[in-house]
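Geometric and topological summary
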Amino acid sequence: MFRRTKVNAGVLFALSVMSLASASAQAQQAQQLERVEITGSSIKRVNVEGALPVQTVSKEEISRSGATSAVELLQKLPAMQGGITEGDAIGGGGGGLAEASIHNLNGDRTLVLLNGRRLVGEAGGSVDINMIPLSAIERVEVLTDGASAIYGSDAVAGVVNFITARNSQAGGIEVRINKPQEAGAKERGFALSKGFGNLDTDGINVLLSASHDRRDSLYANQRSFSKSGIINFSNGGKNYLFFNGSPRTIPGNVNMPDGTYGNPYEAVNGVCPPAHVDVEGDCYFDYASTVMAFPTRDRTNLMANLAIKANPDTTLKLDTYYAKTRSRASIASVPGELSIDPNGPLGSYLSAVGWNPADGNATVSYRAMDLGGRTAVYGRETYGFWFGAEGRALGWDYNASVGYQLTKYAEHNKGYPYGIAFNNLMASGLWNPFVLPGNQSAQAIAAARAIMTDGYWDGETSSLKSVDAKISRDLFELGGGSAALALGVNVNHDSLSSKPSLNAMGLGGPNGDDTRFGDAGAGIPYSASRKAFGVY
C-alpha cells in the first residue's frame, strides 16, 4: 500500500518541478524552432516537418567522423556508391575529379548544391567535390531519393546540399598529418575559419575560411596486396588464379594470324621475359607494380560569406569561393601497336616465332619501357559568387539570388612519343622492340627523346550563370498542419568549350599529322551552351 511520507512527498515535489521545467523548456524550444529551407522542398518549414528521406550530417558529426575533406566525408555515407574517385586518374580516367554518386547512378545524376544553389559541373555534368571547403560547412543534407521534379534531371539519384555556417563568430585552426604505417600516401594540411560580427546586434557578419592539403603518391608496389596483378584465391576447396595483365609486352608480342601471340624472347629462351606471366602459352606483362595506386594531390580552398542586415526583415548576402586542385598520376610505360616489315632489319625476330612473310607486315604489341613511365598532371581552378537577398515581406518569405561560376581544367602529360615518328624510328632498325629493357642504344634513346609529345594535351572551360527567385507562405490550417504555397522562377545558362592541343587533334609531330603513340583517335575541339528557364 502506498503511503505518502515526507520522503516520497519530497520526491514527488522534485519530480513535479522537473516535469514543469521540462515542459517549459520544450515550450521554449518549440517557440525557437526556426523555419528554414529544407533540401527537397521549396517551402520554408521547421526541420521536423520534412517528409522526404533527408539525411543530415551536423558539424559535430563531421568532426567525429575524422574526415578532413568533403570527399572523405561523402565516402563514409552508405548512400554514396560508385562514381568517379581521384584514384581513377590512374590510367587516364577522371582527371583527378571526385564526384558524389548516390545509389551508384553516377555524378551526372546526383545534384550537388552549396547553400541550396547549383554548383557548376564539367563536361559530363559531374561536380568536382574537391572544391568544397569542409572547414566552412555547418551541415550536409543528403536527399537519397529522386528530386527531378524540383531540381531537374540531374537530381534523378538525389541531392547533396552543403550548407555553410551563418551568423557565426566561431573560429578555429586545424593542423593535421596523416602518416600510414607503411610508406606512401602521407597527408598534411591546415584549415582556418573565423566569423566576425553579429548580424542581429551589429547588422553585419563575415565568415572567412581557408584550407590547403597535400597527399603524397602511393605506388602499387608499396602495398603487398597490389604489387602484382597475379591474385591467388580459393573458393569451395578449389584454388584459383586471377591475372590482370597486358598483351603489350617487352620484348614485344607478335600478333599471330590464329589469334595467339608469339614472343621472340620466349621462342629463344623457353620462358616469358622477366615481369611477365605465361597465360596458356602467351606472354602477358604484369604491369601492376609499375603504376600508382593513388595520385599526388594538392588542394586549396578559399571561401568568404558576407551578410548585411538591411532592415529587420531583409538580409543581403554575398557568397564567394575559389578552389584549386592539382593531381599528378603516373602509369606504366606507353603501350601500342607497331607495324613491322618481315623483310626489314627486324625480320629475323619475326621468323623466330614462325611468321610467314607472305602474310605481309606483322603487328607487334609493344611497351616502350626504355622511355620511362607516363605522367599526367591535371589542374582545376573554380571560381564562384552569388549575390542575393532574403527575408519576409507582406506575409511572404522570399529568397532571390544571381550567380556566376567558372571552372577551368587542363591536362599536361609526358612520356609519349609521336606514333608515326616512333614507327618510322623502329622501321629504320635503330629502335629494337624485341630486346629487354635497358638494351636500347644511346643513339636510339636520343632519337626517341626528340620525338616526345611532352606538354599541354587537353583542357576545357565550363561556366554557369544563374538567377533564382522564390516566395512562399502559409495559406490556411488543416488537421495535419498548415497548407502552404511556393512560387518561383529560375534561369540558368551553361556553356562549355573544349580546347585540345594540336597533338591531341592529330595535327602534331614533324609533319603536322601525328598524335601520341598508342592513341586510336584524335580529339575534336567543340563548344556548346544551353539556356534553361523554369517557373513553378
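Residues numbered from 1 in each chain as written. Predicted model: local features only at pLDDT ≥ 70, side-chain atom pairs only at ≥ 80, totals over all residues. Heavy atoms only, no water.

The tally for this structure, following the rule as stated, stands at 8 aromatic pairs. Ring geometry for F233 and Y240: centres 5.6 Å apart, planes at 20°, overall stacked. The exposure class of F233 is partly exposed, given its relative accessible area of 41%. Its relative accessible area of 38% is what places Y240 among the partly exposed residues. Ring centres of F422 and W431 lie 5.4 Å apart, and the angle between their planes is 65°; on these two criteria the pair is classed as edge-to-face. Taken together, F422, W431 and F517 form an aromatic cluster joined through their ring pairs. Of note, K194 hangs over the ring of F196, and the distance from its end group to the ring centre comes to 4.9 Å. Over the ring of Y416 we find R516, and its NZ or CZ is 4.2 Å from the ring centre. (Phe/Tyr/Trp six-rings, centres within 6.5 Å; stacked < 30°, edge-to-face > 60°. Buried < 20%, exposed > 50% of the residue type's maximum accessible area, 1.4 Å probe, protein only. Lys NZ or Arg CZ within 6 Å of the ring centre and 35° of its normal.)

Further remarks concern the sheet that holds strand β6 (residues 171-178). Taken in spatial order, the 10 strands make up an open sheet running β6-β7-β8-β17-β18-β21-β22-β23-β24-β25, and their pairing is antiparallel. The open sheet has two edge strands with one neighbour each: β6 and β25 (527-535). In this sheet, neighbouring strand axes are inclined to one another by 10° on average, regardless of whether the strands run parallel or antiparallel. Relative to strand β23 (residues 455-478), strand β22 (residues 396-414) runs antiparallel, the two sharing 17 bridges. (Pairing = 2+ DSSP bridges. Helix = DSSP H or I, 4+ residues; strand = E, 2+ residues; numbered from the N terminus. Axes fitted to C-alpha atoms, helices over the stretch in contact; angles between N-to-C directions.)

Cysteine pairs can be covalently joined through their sulfur atoms, and such a bond is termed a disulfide. Under the counting rule described, the total for this entry stands at 1 disulfide. Through a disulfide, C272 is tied to C283; the S-S separation comes to 2.1 Å. When the S-S torsion is -90°, as for the bridge of C272 with C283, the disulfide is left-handed. With C272 in the loop between α5 (264-269) and β14 (276-279) and C283 in strand β15 (residues 282-285), this residue pair connects regions lying 11 residues apart in the sequence. Given a relative accessible area of 13%, C272 falls into the buried group. Residue C283 is classed as buried on the basis of its relative accessible area, which comes to 1%. (Disulfide = S-S within 2.5 Å.)

A word on unusual backbone geometry. For the peptide bond that leads from I250 to P251, omega is -5°, which places it in the cis range. Position of P251 among the secondary structure elements: in the loop between β11 (238-243) and β12 (253-255). Positive phi values are uncommon outside glycine, yet N167 reaches one of about 50°. Within the secondary structure, N167 sits in the loop between β5 (158-164) and β6. Its identity is not glycine, yet E280 carries a phi of approximately 50°, on the positive side.

Moving on to the nonpolar core. Counting residues in each nonpolar core, the largest one holds 38 residues, and the members touching the most others are V254, Y366, F422 and W431. When residues of this core are traced back to their parent elements, those giving at least two are β18 (314-331), β19 (335-340), β20 (362-367), β21 (374-393), α7 (419-427) and α8 (442-449). It is α7 that provides the largest number of residues to this core, a total of 4 residues. Membership of the second largest hydrophobic core comes to 33 residues, among which are V127, M131, F162 and L464. (Core = buried A, V, L, I, M, F, W, Y, C linked by side-chain atoms within 4.5 Å.)

By the element assignment, T110 lies in strand β2 (residues 110-114). Look at T110 and you get buried, because its relative accessible area is 3%. The contact partners of T110, leaving out residues within four places of it in the chain, are A100, S101, I102, D154, A157, G158 and V160. (Contact = heavy atoms within 4.5 Å.)

With that settled, the discussion passes to empty space enclosed by the protein. Taken as a whole and assessed by the stated rule, the structure comprises 3 cavities of 30 Å³ or more. Lining the second largest cavity are D128, N130, M131, A323, K324, T325, R380, E381 and T382. Of all the secondary structure elements, the ones that give two or more residues to the lining of the second largest cavity are β18 and β21. Tallied by class, residues from the lining of the second largest cavity come to 2 nonpolar, 3 polar and 4 charged. (1 Å grid on protein atoms, 1.4 Å probe; cavity = no way out; pocket = protein on both sides within 12 Å on 5 of 7 lines; lining within 4 Å. Points joined across faces, edges and corners; volume = space filled by probe spheres on them. Nonpolar A, V, L, I, M, F, W, Y, C, P; charged D, E, K, R; others polar.)

Moving on: the environment of M303. Locating M303 in the fold gives a position in strand β17 (residues 296-311). Between the C-alpha atoms of M303 and T320, which are 17 residues apart in sequence, the distance is 5.8 Å. Residue contacts for M303: discarding those within four places in its chain leaves L114, P133, A136, T164, L207, L208, S209, T320 and Y321.

The next point concerns the confidence of the model for the protein chain. Residues at a pLDDT of 70 or more form 90% of the protein chain, whose mean pLDDT is 86. Ranking the helices and strands of the protein chain by mean pLDDT puts β12 first, with 97, and helix α1 (residues 6-32) last, with 39. (pLDDT = per-residue confidence, 0-100.)

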